[in-house]
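# Topology and contacts: notes
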Amino acid sequence: MASIVTVPQEILDFINSCSKFIIAGHKEPDGDCVGSQLALRSALLRMGKEAVVCSAGPFKKTEIKKYSTEFVPIPKDADISDTKVIIVDCSGRERTGEIDDSLKPFQSAIIDHHAAVTHPRSTALAPVFVDSDSPSCTLLIYKLITALGLQLIKKEAELLFFGLCTDTGFFRHLTEKNADVFEAAAVMIRCGASPKITFNSINGGKSLNSKILMGNILSRTEAHFGGKLLISYETLSEFTTYGFESRDSDSLNQILMSIHGAEAVVIIRQELADNCTVSLRSIDKINVAKIAATFGGGGHKNAAGLTMKGDIQFVKQKMLESFVNILIY
């Protein structure tokens, strides 16, 4: 169903009752997280409040690198009695990474579109604005800004549209049930967001090495369970050679998911000798977030990720075991 969740009054009271805010997001941020943090900061500043955006980073994705200079560490001089934390695009404070400990003393709230919320309340029962039917966190920030009585300015519209396009695959993941999302997107465009510029920002600027690496990964793709599951990997040597900057994960997943009969895709990346990251994607029925959660990861029904100790072969076997009961039918 389309999202019909409204902004809780507790969130509005939380914001209206304080003049200073730290806006935090998850580690290894994506466009939705960055867009949510920066747009919310802009809105709070327009309300006459103080606000800073904090992130543990790293800013791996090409399209968000230009925003990295906007982020600061947790302010050491922040007054606990007069500063609150808003955590966005994050189902629990522990997902903020290295800044987690610094956030503990502050009263916090969460704005998120993932299903599970586990954040610990620090000094008081804190409000939560969660809608797992929302395709992006920026859509919730748009609702919040509107509920605060503000109209979008161009900068906010651009950031919100950027995050929305990031998490919806430029709308290709939406269905006939998401008319409200397109209505919100239309508002953002009227306020100055450009679909053309946003598309080029997300999909342009890739290096030749990114295409070489993609070719390597595609060339070793294996089909399992009658072609329903596709698995490939990036070696430690390739990671050492090409680094984070040469990854073009969205394009890679899009190519693999277009293969006839494919229902899910697993990309394993060896980033350390004894540790891998895993990207999980599915087209429709398979909930890869549940698979990721069993290994301490998370995400959405059709897009999730995790990290796991071990080498590529070990992780590959674990992934095959996880899908066996889902894809044999």
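Everything below is about the structure printed above this text.
Thresholds applied
- Residues numbered from 1 in each chain as written.
- Predicted model: local features only at pLDDT ≥ 70, side-chain atom pairs only at ≥ 80, totals over all residues.
- Heavy atoms only, no water.
- 1 Å grid on protein atoms, 1.4 Å probe; cavity = no way out; pocket = protein on both sides within 12 Å on 5 of 7 lines; lining within 4 Å.
- Points joined across faces, edges and corners; volume = space filled by probe spheres on them.
- Helix = DSSP H or I, 4+ residues; strand = E, 2+ residues; numbered from the N terminus.
- Nonpolar A, V, L, I, M, F, W, Y, C, P; charged D, E, K, R; others polar.
- Buried < 20%, exposed > 50% of the residue type's maximum accessible area, 1.4 Å probe, protein only.
- Contact = heavy atoms within 4.5 Å.
- Pairing = 2+ DSSP bridges.
- Axes fitted to C-alpha atoms, helices over the stretch in contact; angles between N-to-C directions.

### Topic: empty space enclosed by the protein
- Taken as a whole, this structure holds one cavity of 30 Å³ or more when the rule is applied.
- In this structure, the largest cavity encloses a volume near 50 Å³.
- Around the largest cavity, the lining residues are Ser210, Leu213, Met214, Ile217, Glu234, Ser246, Arg247, Asp248, Leu252 and Arg269.
- Per-element tally for the lining of the largest cavity: the top contributor is helix α8 (residues 208-219), with four residues.
- Each residue belonging to the lining of the largest cavity can be placed in one class, and the counts come to four nonpolar, two polar and four charged.

### Re the environment of Asp250
- Take Asp250: it is sitting in helix α10 (residues 249-257).
- According to the relative accessible area criterion, Asp250 is partly exposed, its value standing at 32%.
- Taking the C-alpha atoms as reference points, Asp250 and Ala289, 39 residues apart in sequence, are found 17 Å from one another.
- Setting aside anything within four residues of it in sequence, one finds Asp250 in contact with Arg172 and Asn203.

### Observations concerning the sheet that holds strand β1 (residues 20-24)
- Strand order in the open sheet made by the five strands is β2-β1-β3-β4-β5, with parallel pairing throughout. Looking at the sheet topology across the chains shown, the edges are occupied by β2 (50-54) and β5 (128-130). Direction aside, the axes of adjacent strands within the sheet are offset by 20 degrees on average.
- Taken together, the three bridges between strand β4 (residues 107-112) and β5 define a ladder with parallel strand orientation. Opposite Ile111, over in β5, you have Phe129 as the bridge partner.
- Along the sheet, helix α1 (residues 9-16) contacts β1, β3 (84-88), β4 and β5; its crossing angle with β4, the most-contacted strand, is approximately 135 degrees.
- Contacting β1, β2 and β3, helix α2 (residues 31-46) runs over the sheet at an angle of about 170 degrees to β2.

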